[in-house]
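# Breakdown of the fold
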Amino acid sequence: MKGTFTQSMAWLHTWSGLIFGWVLFIIFVGGTLAVFDKEITGWMEPELSHVGPLTDEGLAGTIAFLSRTAPDAPSWRFSLPGPRDPAIRTSVRSGKGRGAAETTATLDPSTGDVIETRKTTGGSFFFTLHYSLYAGSMPGIWLVGAAGMAMLAALVTGVITHRRIFKDFFTFRPTSSSQRSWLDAHNVTGVLVLPFYFMIAFTGVVIFYATFMPSGLYALYAKDPAAYFTEIARFSRSGEPAKEKAPLTAIAPLVRAAEKDLGGGSGIWFVQIANPGRTNAQVAIYQRDGARLALTRDHIVFNGVTGAVTDRIITEKPDAIYVYKVMSGLHFAQFGGYTVRWLYFICGVAGSAMIATGLVLFTVKRRRKQGAKDDGSPFFFRLAEALNMASIAGLPVASLAYFWVNRLVPARLAERSEWEVRAFFAIWLLMLAYALLRAFLPTDDREKSIMRGWIGMFSLAAFLSLGLPILNALSGGENLAEAIGGNNWQMASVDITALVCGIVFLIIRGHLRSGSTHRDSRQKKSKQKSPGSTSAPSVAG
Amino acid sequence: MKQRSSRIREASAIASRVLAAIIGGYAFAFAFTAALALALPVTRANAAVAAGMFGFIPYLLAILWVFSVRSATRAWAGLFTVTLTSAALAASLYFLKS
């Protein structure tokens, strides 16, 4: 590259950070919200506020429900209630492989009766957004993987560029020129939880090593692909359903036996029954994540007719496969309960802020070079302005609208959960269209036009955040006072987080407004001094 | 006119480097991972998983290196050499084992 090593690393930092910054911002916001996926799902199913504890009748009722509704399915799966989800969730797939349709239901754990909840994508929406951007399974995952590598490159080059990293950490000049304060904010949010960023980006790509970096697997398993499942993936394969029928053994004793065998105190997460009602039925009972840091997915396999233990998949040896499970555990944050969840949430917010400030810094620098009257400025910088606005301010608007849509769309609508997702993208596209208009429509004062767009979107985001607890109370949810009084912190936290976000959006909006009026008055002064001169840029050199 | 053609030359040099980083770097990491998996003296399962996880580090280093050398041609030449070496190593280990 041109210039010194540091200069070429700074170039790589700027451009990999910018091009992948928009995608990374979506991945970070999605991941941050996905930390609380089950809590968000709980908020989105207000019908589900009171269900009983798990009983043997509940388990028997679940099996009866599945035999009634899906007698010929190749497999059944249901999760048991736990600290983050009070219900039994059943899931039946019509066939094997990726394309198979999935039918889900929510059952009361004490009776096995169906609870009629609204069909919602819930918190898993943000999880899917996080790892595949809803861009289709394979292209989406590869795009997110590329963004993960770009983030690693941007982190290393960022550290190289900011050699005075510790000195910079204690430098924040909010009142100095706007470019300096954006840079300081980017440095502080960058350095603050730097190890977290390295960890989360690296573990994020490593989780998909079998997809992204499969050459080791090819080299060692090319001649014997089936061995991959017995030696590495280690989930129990069950074969095709047998022709002869046979009644399924009672599930409750198996759950108790598995829980005792697995230990760890975190309980049972889910039960998977292959070939139900056939002579070769097989029951696999999985330990709940969170017994330890590694995401082990330990499970006990039983013969589904006799109830005898046929296999025990338990992680013991600390080997490379165990290291992989630790990497997954670090990324998925299922260990350490709510303390760790909130820590990940805060680090995720810091990461989103780091990416957002970096993106803004790019346009602020360019604006300074171009001057305020940038009507001659190249197409790309206007596009960058619009994409910044649509991602940094537009994504929060669309995400909050997703919560609103959950309560405003009729509970019995056909394809309801699909409409929630469609509404999210429709509103986000509207934000993008608005941002493009602000950046490209002819105007005397481009900067003012863009600033108005930002202020408008943050006003909308603030309104949607601050209004969410009110909407919740009015549309069947437990209101904030009731939730706090009844110790229902999972419900209350969503409302409280929305209020905090609303206040933050108001503060950002206030800063933008005062910044733009400050600039207006300065601009007027400079115009009075020298009429006709191109006005002074918003930042002093 | 002269300025324009030099800008085009500059842009194509950058594009060439970006391709070298993304595709060339990946090819190198892919071959390196295969060689590492075959070379590690542990069980087959552990070797495959360890190499697969480690493979992202040579990729990252290759990306950084591509942008630090003097010219795009040099970046391509360097990547070509290490990829070919890794692939040759992987192929010979593969046939030694079978």
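Attention now moves to the overall build of chain A. The helix and strand tally for chain A stands at 19 helices and seven strands. Taken over C-alpha atoms, the radius of gyration comes to 27 Å for chain A, in line with the 24 Å a tight globule of 541 residues would show. Dimensions of chain A, computed from C-alpha atoms along their principal axes, come out at roughly 95 × 55 × 35 Å. Counting the 541 residues in chain A, one finds 50% classified as buried. Sequence-distant contacts in chain A: of pairs separated by 6 or more residues, those separated by 24 or more amount to 67%. Total accessible area computed for chain A in this model is approximately 25,000 Å², and 64% of it derives from carbon and sulfur atoms. Within chain A, the 38 negative side-chain charges are centred at a point lying 12 Å from the centre of the 54 positive side-chain charges.

To continue, consider the overall build of chain B. Scanning chain B from N- to C-terminus turns up four helices and zero strands. Each helix (α) and strand (β) of chain B, taken in turn from the N terminus, gives the series α-α-α-α. Compactness check: chain B gives a C-alpha radius of gyration of 17 Å against a globular reference of 13 Å for 98 residues, more than 25% above the reference. Counting every position in chain B, which comprises 98 residues, the buried fraction comes to 41%. The long-range share in chain B, meaning contacts at least 24 apart out of those at least 6 apart in sequence, stands at 72%. With an accessible surface of roughly 5,500 Å², chain B has 73% of that area assigned to carbon and sulfur atoms.

Residues and elements named next belong to chain A. Counting through the fold element by element, G348 comes out in helix 14 (residues 337-370). Note on G348: relative accessible area 4%, which makes it buried. As for G348 and I200, which are separated by 148 residues in sequence, their C-alpha atoms are 9.5 Å apart.

Taken together, the buried positions of helix 4 (residues 124-132) of chain A are occupied by F125, F126, L129, H130 and S132 of chain A. Of the residues flanking the end of helix 4 of chain A, it is L133 of chain A, one or two places downstream, whose phi is positive at about 60°.

A separate point is the pattern of salt bridges. Residue and element names in this part refer to chain A. Across all of its chains, the model carries 15 salt bridges over all chains by this definition. A salt bridge links R180 to D184; the shortest N-O distance between them is 3.8 Å. Of this pair, R180 and D184 both sit in helix 7 (residues 178-192), four residues apart, roughly one helical turn. R180 sits in the partly exposed class, given a relative accessible area of 33%. Note that E415 and R422 form a salt bridge whose closest N and O atoms lie 3.2 Å from each other. Judged by relative accessible area, which is 46%, E415 ranks as partly exposed. Look at the salt bridges and you will find they share partners, linking D37, E39 and R84 into a network.

Once that is clear, we can look at the pairing of strand 5 (residues 282-287) of chain A. All names here are of chain A. Of all six residues that make up strand 5, six are buried, and the element is covered over most of its length. Inspection of the sheet shows strand 4 (residues 268-274) paired to strand 5 by six bridges, in the antiparallel sense. Looking at strand 5, one finds that V271 is bridged to I285. Direction of pairing for strand 5 relative to strand 6 (residues 299-303): antiparallel, over a ladder of five bridges. Its bridge partner being in strand 6, I285 is matched across the sheet by I300.

Interpretation of this model should avoid reading the predicted coordinates in detail wherever pLDDT is low. All names here are of chain A. For chain A, mean pLDDT is 89; residues scoring 70 or higher make up 90% of the total. Within chain A, the lowest mean pLDDT, 59, falls on helix 6 (residues 165-169), and the highest, 97, falls on helix 8 (residues 194-207). Note that residues 530-541 has pLDDT below 50 and, in this model, 17 contacts with residues that lie over four places away or in other chains.

Residue and element names in this part refer to chain A. Counted by the stated rule, this structure contains four cavities of 30 Å³ or more. Taken as a whole, the second largest cavity spans an internal volume of roughly 50 Å³. Lining the second largest cavity are Q287, R288, D289, G290, A291, R292, A294, T296, R297 and D298. Partitioning the lining of the second largest cavity into residue classes produces two nonpolar, three polar and five charged.

In this complex, chain A contributes 39 residues to the contact, which on the side of chain B involves 33 residues. Regarding the contact of chain A and chain B, the summed buried area is about 3,100 Å², with carbon and sulfur atoms giving 77% of it. Taken together, the connections running from chain A to chain B amount to two salt bridges. The partner of R44 of chain B in a salt bridge is E231 of chain A, with the nearest N and O atoms 2.8 Å apart. If you look at where chain A meets chain B, you find ten residue pairs in polar contact (both at pLDDT 80 or more). Secondary structure elements with two or more residues in the side of chain A that touches chain B: helix 1 (5-34), helix 5 (137-161), helix 8, helix 9 (209-212), helix 10 (215-221), helix 11 (227-233) and helix 13 (320-332) of chain A. The element best represented in the side of chain A that touches chain B is helix 10 of chain A, accounting for seven residues. Counted by class, the side of chain A that touches chain B contains 30 nonpolar, four polar and five charged residues.

Residue and element names in this part refer to chain A. Across the sheet, seven strands lie side by side as 3-2-1-4-5-6-7; this open sheet has antiparallel pairing. Every interior strand has two partners, whereas the edge strands, strand 3 (102-107) and strand 7 (309-313), have only one. Neighbouring strand axes in the sheet, compared pairwise and without regard to direction, differ in orientation by 15° on average. Where strand 1 (residues 75-79) meets strand 2 (residues 88-93), four bridges bridge the pair, whose relative direction is antiparallel.

This next bit is on the side chain of S391 of chain A. In this structure, S391 of chain A sits in helix 15 (residues 379-408). Contacts of S391 of chain A, omitting those with residues within four sequence positions, involve W22, F25 and P396 of chain A.

A word on the nonpolar core. Counting residues in each nonpolar core, the largest one holds 128 residues, and the members touching the most others are Y197, Y344 and W454 of chain A together with F56 of chain B. Ranked by residue count, the leading element in this core is helix 15 of chain A, at 13 residues. Not counting residues within four places of it along the chain, the set of residues in contact with Y197 of chain A comprises F28, M151, L155, T189, G190, C347, A350, G351 and M354 of chain A. Residues F65, W76, F78 and L262 of chain A belong to the second largest nonpolar core, which totals 26 residues.

How each quantity is defined
Along each chain, numbering runs from 1 in the same order as the chain's sequence is written. Labels are handed out in written order, letters beginning with A for the chains and numbers beginning with 1 for the ligands. Restriction of local features to residues with pLDDT of at least 70 applies here, the model being predicted, together with a cutoff of 80 or more for giving and counting side-chain atom pairs; totals for whole chains, interfaces and linings are based on all residues. Hydrogens and water molecules were not included; the side-chain quantities draw on all heavy atoms of the structure. Put simply, DSSP H or I for four residues or longer makes a helix, DSSP E for two residues or longer makes a strand, and each gets a number counted from the N terminus. Atoms considered for the radius of gyration are the C-alpha atoms alone. The globule rule reads 2.2 Å times the number of residues to the power 0.38. Only protein chains enter the accessibility calculation, which uses a 1.4 Å probe; a residue whose area is less than 20% of its type maximum is buried, one above 50% is exposed, and one in between is partly exposed. Only heavy atoms matter for contacts: two residues are in contact if any of them lie within 4.5 Å across the pair. A 1.4 Å probe and the Shrake-Rupley method give the accessible areas. Residues count as covered only by the protein chains that appear here. The sign given to each residue is positive for Lys and Arg and negative for Asp and Glu; His and the chain ends receive no count. For charged residues, the charge sits on one atom: NZ in Lys, CZ in Arg, CG in Asp, CD in Glu. For salt bridges, the criterion is a side-chain nitrogen of Lys or Arg within 4 Å of an Asp or Glu carboxyl oxygen. Whether two strands pair comes down to DSSP finding at least two bridges between them. A score between 0 and 100, pLDDT records how confident the predictor is in each residue. Cavities and pockets were defined on a 1 Å grid built over protein atoms only: a cavity is a set of grid points that admits a 1.4 Å probe from which the probe cannot escape, a pocket is an open set flanked by protein on both sides within 12 Å along at least five of seven lines, and lining residues are those with an atom within 4 Å of any such point. Grid points are joined across faces, edges and corners, and a volume is the space filled by probe spheres set on the points. Classification used: nonpolar for Ala, Val, Leu, Ile, Met, Phe, Trp, Tyr, Cys and Pro, charged for Asp, Glu, Lys and Arg, polar for all others including Gly. Here the quantity called buried area is the accessible surface, traced with a 1.4 Å probe, that two parts lose on coming together, added over both. Any N or O atom pair separated by 3.5 Å or less is treated as a polar contact, with the protein-specific requirement of one donor-capable and one acceptor-capable atom, and with residues adjacent in sequence counted only for side-chain atom pairs. For helices, the fitted line uses only the C-alpha atoms of the stretch in contact; every axis is such a line through C-alpha atoms, and the angle between N-to-C directions lies from 0 to 180 degrees. Within this scheme, the nonpolar core is defined by two criteria: the residues are buried Ala, Val, Leu, Ile, Met, Phe, Trp, Tyr or Cys, and they are joined through side-chain atoms within 4.5 Å.

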